[in-house]
Structure formats: C-alpha cells, structure tokens
Amino acid sequence: MKQKYIRNFSIIAHIDHGKSTLADRIIENTGLVAHRDMKEQYLDNMDLERERGITIKLQTTRLVYKAKDGNEYIFNLIDTPGHVDFNYEVSRSLAACEGAVLVVDCTQGVEAQTMGNVYLAMDEDLEILPCLNKIDLASARPDETKKEIEDMIGIDAEDAPLVSAKEGIGIDGLLEKIVQVIPPPSGDENGKLKALIFDSIYDNYKGVVIYVRVFGGSVKVGDMIRLMATKKVYEVTEVGVMAPGHVPSKYLSAGDVGYICASIKEVKDARVGDTVTLDDDPTDQAMPGYKKIQSMVYCGIYPAEGEKYEPVKDALEKLQVNDAAFLFEPETSTALGFGFRCGFLGLLHMEIIVERLEREFNLSVVTTSPSVVYKVVLNDGTIKMIQNPTNLPDPAEIDHIEEPIVKADIMIPKDYVGTIMELCQKRRGKMLSMDYITTERVDLHYEMPLNEVIYDFFDALKSKTKGYGSLDYEFIRYENSNLVKLDVLLNKELVDAFSMIVHESEAYNRGRFVCEKLKEIIPMHQFEVPVQAAVGQKVIARETVKAYRKDVIAKCYGGDISRKKKLLEKQKEGKKRMRQFGKVEVPQEAFTAVLKYD
Ligand code: GTP
C-alpha cells in the first residue's frame, strides 16, 4: 500500500464529548462492520469500559475508506481515553499518528481536557482537525464553540465539520476532511526497520503481541528483530493488522500500524516506547520513546481473607503487561500480611485495577489508604521518598516533609465560581488566576497539594457544578508542608493499613471522621472495641463499638440441623469478607469507606 493512501490518526476529546460514539460511526461508515453487528462502543471492549461508558485502554483498528476522489484509503484509527488519569495512554497513541481529530461537544465547548489533549498532540507535532459534535441537540452552539477553539487553541475552526455522532450526521464530510487535512506518513520503505512499540498485550497462545507503528523499512515473518532498549533478539512468527481482530499479513512497512508476534515470553522485554529494528541491519536511531511515567498515587493491595498471595501476584503481572503506568512490588503489613505496594496515575486508575482484579480474575483484595509520594528531609540532610505512611521515619529524625504540588486547571460555568473557590480553599488551594473563556464560562488556575486532589476532588467538583465542571492537572514541584502521620488503633492496637499522612490542620477532623466511619462499619463484638485516631502518642479522637453477641442460630428452634448448618455456612461466607486485627473483625469495605471524606 502506497503511503499516500494511508492516514494514521487518533481521536482526542474531553471526557463524554463523544469520542467513542464517533469512532463507532466512522467504523460503520467505512464499512468495516455491518450495522447489525455493531455493539455500542465497538472499540471499548472491556466490560468495565462499556459499563462505565469510558475508554480505558486504547484500541486500534484499520479501516478502508473509499473517498470521493475514487481512491481507497487505509485509516488506522487509534482510540484514546479521555480521563485525566489516562493521559499517558493518550501520548502513546498520538506518537503513532500524523494527525488527531479533536472532538468538541458543541453544547459544552472547550473543556479542561480538550486543552490537555491538544497540548499532548502539539507536543507530537500532529495536525489537528477540529470536529464539532452533538449538533443534533437543541443546545448546540457551533459558532461559539468555533470561536472558543480559535481563541483558546489558536487553530482555524472555520471549516470544522459539524457532526452528530449519535445520529450519524455529517460523518462523510468528516471522513473526506481526514483524507484532505491529515498528512500521509512519509517514512522510507527501503530504509532500515524502525518501528515504535505503542502498546502490547499478552495472548495465551501467541505470547506477547506488540503493537507497532512502522516509521521506516519493513518487517516480515522469519525476520530476526531486535528490541533496542532491551537488546533482545527474536524471530518474527506473525505480522498483521488490527481489523480490529488480528488479521495476518505478509509484511508491515513504513507508514503501517500493525502487530508483531515473535514468541516473546515476558512483557517486560517488549517495553512500550521501545524501538524495533532488524538484528542484521539495525538502525542507529531509536525513536524518542515516551516520557517516563511517574506514578502519582500509591496504595497497598493485599489478598483478602481466604485468598492466596500467588494468584494475586499473577494477576497483577498480567495487568501490568498492557498498562505501563501501573507499578507494583511486594510489601508486608503487620495488619494485612504479605501483599503489594502499587503505583497508579490517579485514583480512578487505582479503582479500575482493583475492579479488574475482582472481575476478570475473580480475586478479592483489600486496599489500604492511597498516598502520594512525600519527600522527607532528615536532620542529617538525607532525602527519603516515602509512598507508604507506615515507613515515615521517627518524627524526631525529620527536619521537614515536602509534598507534591500540582497546577490545576478548572473550567466551570460562572455561576459556580464562588462554590468552587470555596472548595479549592478548603483543599489548601492557592488561586493563580481566573479567566473568562466566554461570558458564561470561567477558567480557574490553582496550585494545590496533590494529596488534596487525589481523594475525591474530582467527584466534589462534578457534584458541586451539576456535572459541568472539568479538571486537568499536572505536577509542578515539591513544597515544604506541615504534615503529620495519623494512625488508627483498634482495641488499642495500631492497624498500619489505616495510617495516612495528612496536613496538621486537618488531622483532628480527619481523625474524627475515620473513627465515626469505623464505628458505623465494624460489627458489634462480644466485647467493647475502642476505635482511636492518634498523632504520635496523642489520641485525638475516639469512638466505641458496643459489645453484643450475634447468635445467628438463636432463631432456629428445634432440630432442623440442615437449616442451622446453612446459616452457619452463611456466617462463615460473611466472615470471608472480614479481616481479623487482633481480636477485632473489620469488614473489607472499611478500607475504602474511610477515604470518602468531604
Ligand atoms: P470516554 O470514552 O469516556 O472518554 O467518552 P467519549 O468521549 O468516548 O464519549 P461517548 O462516545 O461515550 O459519548 C458520551 C455520551 O454522549 C454518550 O451518552 C453518547 O450517547 C452521547 N453522544 C455522543 N455523541 C452524541 C451526539 O452527536 N449527539 C448526542 N445527542 N449525544 C451524543
């Protein structure tokens, strides 16, 4: 296929602006999948994605489009996720493309992640094709949205296609624009093989499957390929394209997007961002690769009562294969035993990994309080990066603690300015500036501790703005802060899994909240259970779970032994979801409930 007939592009958008729906329409209109076979959100193939209606993993597919000029074009469409936690996935997709279709919901206008994604696309030097979606709605404001795009992004939006992804309006016009505006690839087909790995998955039969964009040369079955970062060499057993399932082809050459199988056993050998070349005729220029990703949030994941360590480890390894942003290493907790310290991009990312463990692997796990990474400077000048509150050194040894600060970009309708400023203030935010995007919408810039953003800031922002607020943030620096470790004691024993680092001014409120929550959640025992929150040796809050004996078979008079057995079994089942701390039983939900603090 001549490169001039190839278009490699992504669709980028703020969450819910209609990316996945538009991808569905593009797939339908190019004739890849007949309408009756269309499941909604064709590319969102994880159940979880379909349920939550969001895209988590990027999916790539190859389409054939017969353009008005009479030629057939190959479109390699790479879907991207829209949530702020998954920016990393977005840059990965973009690096494989020449252009990006920027979807803007014209009932909402430009939002925080519209901007965030545009910056990522500009970083990759992509041609940006704006496209206004949801024109079927009465509240559509295409002219205003065009002006917002021009003013805020600085690109011409005059001829931006107007579409309704839902109703299938304007899709042909968009497809023509893709052919006209997005440049074809221009790598040297006869040069040395140079292909960028932008994703990889583990397949039980084929081993590791790597997804590549070929920038130069070509690759076919039987070639010996070298992965430049790991320097490992493999024989290619299959190459092909995603249509969207794996369809083998003879070779892949410059400009193509496809997959390579080469009996690679370990995913860590096929690093996303690495360059593939030929072993006997290698290129000397590796692709720039990707920015090293920094986990922003850490938490402990432990096998729940009755679960084993090994299956959890296996599952985490499998999840890590195609999620380069997810990290884990073994750790132990006095309260929870052997488990893992895991690093995530944000809280949604964390929730998704936990849910996938439960659904896809049928494992039940306990998670500990999420924490950001603190920079602890000791009296002797040594610096320790602490991502587990339990590892905080003795306060006597600490000179000071620094916490990560982010720059947050918050876009809201002007009526909510007061409410949101109050929310940011409560989260220790410092306002940098406020700009009017239009007469109705405002862009607030804040500096805020990441610790205050990760918990439920996004949820609070959404609920306080009736869903109209949007947020994007990036790490800027570490800053000295007055932080303390808040511990929880159950029946006078410290439960390390509940420990968290909080700002001193918040310690008391937080301590009270945690004690009240635990009192609600911990079932009555045969003895009184004191629940205490402490900073150092000082107890700052206390509640008591009253004593009570729960006798499940008390109601069963007479001799129906099988019924009694059933009830006892049921009680045992219930116990599975409990953790034992000393003599105290704590339901697993307690670990997440103490975090929902507003
Ligand atoms: P993420 O994948 O989560 O980033 O979201 P997305 O941008 O892919 O949005 P999605 O395609 O899931 O669409 C969000 C919502 O908008 C869904 O309820 C769609 O049905 C709706 N929607 C998408 N396009 C249109 C449109 O043209 N008109 C109307 N009325 N609704 C639309």
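Source: prediction; values computed, not measured.

Undergrad: Which residues make up the overall build of the protein chain, and what are the values?
TA: Scanning the protein chain from terminus to terminus reveals 14 helices and 32 strands. Of all 598 residues assigned to the protein chain, the portion counted as buried reaches 55%. Considering only contacts in the protein chain between residues 6 or more positions apart, those separated by 24 or more positions represent 68%. As presented, the protein chain carries roughly 27,000 Å² of accessible surface, and 48% of it is formed by carbon and sulfur atoms.

Undergrad: Kindly report on the environment of V417, identifying the contributing residues and their values.
TA: By secondary structure assignment, the location of V417 is in helix α9 (residues 417–426). Residues V417 and D443, 26 residues apart in the sequence, show an inter-C-alpha distance of 9.4 Å. Apart from residues lying up to four places away in sequence, V417 is in contact with I412, M434 and V442.

Undergrad: Talk me through empty space enclosed by the protein; I want residue IDs and the actual numbers.
TA: Summed over all chains, the structure comprises 2 cavities of 30 Å³ or more. One number sums up the size of the second largest cavity: a volume of about 40 Å³. As for the second largest cavity, its lining consists of P370, S371, V372, Y374, P389, N451, Y455, M500 and I501. Looking at the lining of the second largest cavity, its residues break down into 7 nonpolar, 2 polar and no charged.

Undergrad: I'd like to hear about the nonpolar core, residue by residue, with values.
TA: By size, the foremost hydrophobic cluster in this structure holds 53 residues, and its most contacted members are I410, I420, M448 and L471. Here this core spans two domains, and each of domain 3 (297–368) and domain 4 (382–481) adds at least three residues to it. Counting residues in hydrophobic clusters, the runner-up holds 34 residues, among them A335, F498, V586 and A590.

Undergrad: Tell me about the sheet that holds strand β7 (residues 207–216), residues and numbers included.
TA: The sheet built from 8 strands is open, its strands ordered β10-β9-β15-β6-β7-β14-β11-β12 with antiparallel pairing. Single-partner strands in this sheet number two, and they are β10 (232–235) and β12 (246–248). Here the average twist between neighbouring strands, direction ignored, is 40 degrees. Pairing of strand β9 (residues 224–227) with β10 involves 4 bridges; the strand directions are antiparallel. The residue of β10 that forms the bridge with L227 is K232.

Undergrad: Can you lay out the environment of V535 for me, pointing to particular residues and giving the numbers?
TA: Within the element layout of this structure, V535 appears in strand β29 (residues 529–535). Owing to a relative accessible area of 23%, V535 belongs among the partly exposed residues under this scheme. Look past the residues within four positions of V535 in its chain and what remains in contact with it is V484, K485, L486, A507 and I540.

Undergrad: Which residues make up the pairing of strand β18 (residues 337–344), and what values go with them?
TA: Across the 8 residues that make up β18, a large majority, 6, are buried. Bridge count between strand β16 (residues 297–303) and β18: 5 bridges; the pairing is antiparallel. Counted as the bridge partner of Y298 is G343 from β18. In terms of strand pairing, strand β17 (residues 327–333) meets β18 through 7 bridges, oriented antiparallel. By the bridge assignment, T332 is partnered in β18 with F338. Connecting β17 to the next strand, β18, in antiparallel fashion are 3 residues.

Undergrad: Provide a residue-level description of the UniProt feature "binding site: GTP" (unreviewed entry) in the protein chain, including the pertinent values.
TA: The UniProt record marks D16, H17, G18, K19, S20, T21, N133, K134, I135 and D136 with the feature "binding site: GTP" (unreviewed entry), using the residue numbering of this structure. Tracing the chain through its elements places T21 in helix α1 (residues 19–29). The exposure class assigned to T21 is partly exposed, which follows from its relative accessible area of 27%. Here T21 is in contact with A165 and K166, once residues within four sequence places are set aside. With respect to the helices and strands, the residue I135 is situated in the loop between β5 (127–133) and α5 (142–153).

Undergrad: Describe the packing of aromatic side chains, and please don't skip the residues or the numbers.
TA: A full pass over the atoms with the stated rule returns 10 aromatic pairs. With centroids separated by 5.5 Å and ring planes inclined at 70 degrees, the aromatic side chains of Y5 and Y73 adopt a geometry described as edge-to-face. A residue pair is termed long-range when its members are at least 10 positions apart, and Y5 in the segment before β1 (6–13) and Y73 in strand β3 (residues 72–79) qualify at 68 residues. Through a chain of ring-to-ring contacts, three or more aromatic side chains come together here, namely Y309, F326, F328, F338, F340 and F344. Above the plane of the ring of F215 lies R213, whose end atom (NZ or CZ) is 4.2 Å from the centre. Across from the ring centre of F527, 4.8 Å away, lies the NZ or CZ of K583, which sits over that ring.

Undergrad: Account for the pattern of salt bridges, naming residues and giving values.
TA: Taken as a whole and assessed by the stated rule, the structure comprises 24 salt bridges. Across the salt bridge formed by R428 and E403, the nearest N and O atoms sit 2.7 Å from each other. On the criterion of sequence distance, the pair formed by R428 in the loop between α9 and β23 (430–436) and E403 in strand β22 (residues 398–413) is long-range, its members being 25 residues apart. For the salt bridge of K485 with D487, the shortest nitrogen-to-oxygen distance reads 3.4 Å. A residue is classified by how much of its surface remains accessible, and K485, at 22% relative accessible area, is partly exposed. Members of the salt-bridge network, linked through shared partners, are R141, E144, E148 and R441.

Undergrad: Just give me the short version of unusual backbone geometry, but keep the residues and values in it.
TA: Residue S263 is not a glycine yet carries a positive backbone phi of 45 degrees. You will see that N362, though not glycine, has its phi angle at about 60 degrees, which is positive. Positionally, N362 belongs in the loop between α8 (347–360) and β19 (365–367).

Undergrad: Quick one: what's the story with the packing of α9 against helix α11 (residues 457–464), residue by residue and with numbers?
TA: Orientation of α9 relative to α11, taken along the N-to-C sense of each, is 160 degrees, at an axis distance of 10 Å. Judged on the interaxial angle alone, α11 and α9 are roughly antiparallel. Here α9 and α11 pass one another in a crossing that is right-handed. The residues of α11 that touch α9, namely those facing T419, I420, L423 and C424, are F457, A460, L461 and K464.

Undergrad: Give me the lowdown on the sheet that holds β18, citing residues and values where you can.
TA: The antiparallel open sheet is built from 4 strands, whose spatial order is β17-β18-β16-β19. Unpaired on one side and paired on the other, β17 and β19 mark the two borders of the sheet. Shown here is a sheet whose adjacent strand axes are inclined to one another by a mean of 30 degrees, direction ignored.

Undergrad: Account for the side chain of E452, naming residues and giving values.
TA: For E452, the location among the structural elements is in helix α10 (residues 450–454). Look at E452 and you get buried, because its relative accessible area is 13%. At a separation of 3.0 Å, a polar atom in the side chain of E452 contacts the side chain of R428. If sequence neighbours within four positions are ignored, E452 has contacts with R427, R428 and F457.

What counts, and at which threshold
- Residues numbered from 1 in each chain as written.
- Predicted model: local features only at pLDDT ≥ 70, side-chain atom pairs only at ≥ 80, totals over all residues.
- Heavy atoms only, no water.
- Helix = DSSP H or I, 4+ residues; strand = E, 2+ residues; numbered from the N terminus.
- Buried < 20%, exposed > 50% of the residue type's maximum accessible area, 1.4 Å probe, protein only.
- Contact = heavy atoms within 4.5 Å.
- Areas by Shrake-Rupley, 256 points an atom, 1.4 Å probe, with all protein chains shown as cover.
- 1 Å grid on protein atoms, 1.4 Å probe; cavity = no way out; pocket = protein on both sides within 12 Å on 5 of 7 lines; lining within 4 Å.
- Points joined across faces, edges and corners; volume = space filled by probe spheres on them.
- Nonpolar A, V, L, I, M, F, W, Y, C, P; charged D, E, K, R; others polar.
- Core = buried A, V, L, I, M, F, W, Y, C linked by side-chain atoms within 4.5 Å.
- Domains from an automatic or database assignment.
- Pairing = 2+ DSSP bridges.
- Axes fitted to C-alpha atoms, helices over the stretch in contact; angles between N-to-C directions.
- UniProt positions renumbered as here; feature names shortened; annotations may be inferred.
- Phe/Tyr/Trp six-rings, centres within 6.5 Å; stacked < 30°, edge-to-face > 60°.
- Lys NZ or Arg CZ within 6 Å of the ring centre and 35° of its normal.
- Salt bridge = Lys/Arg side-chain N within 4 Å of Asp/Glu carboxyl O.
- Parallel < 35°, antiparallel > 145°, perpendicular 65-115°, else oblique.
- Left-handed = near helix turned anticlockwise from the far one by under 90°.
- Polar contact = N/O pair within 3.5 Å; in protein donor to acceptor, adjacent residues only side chain to side chain.

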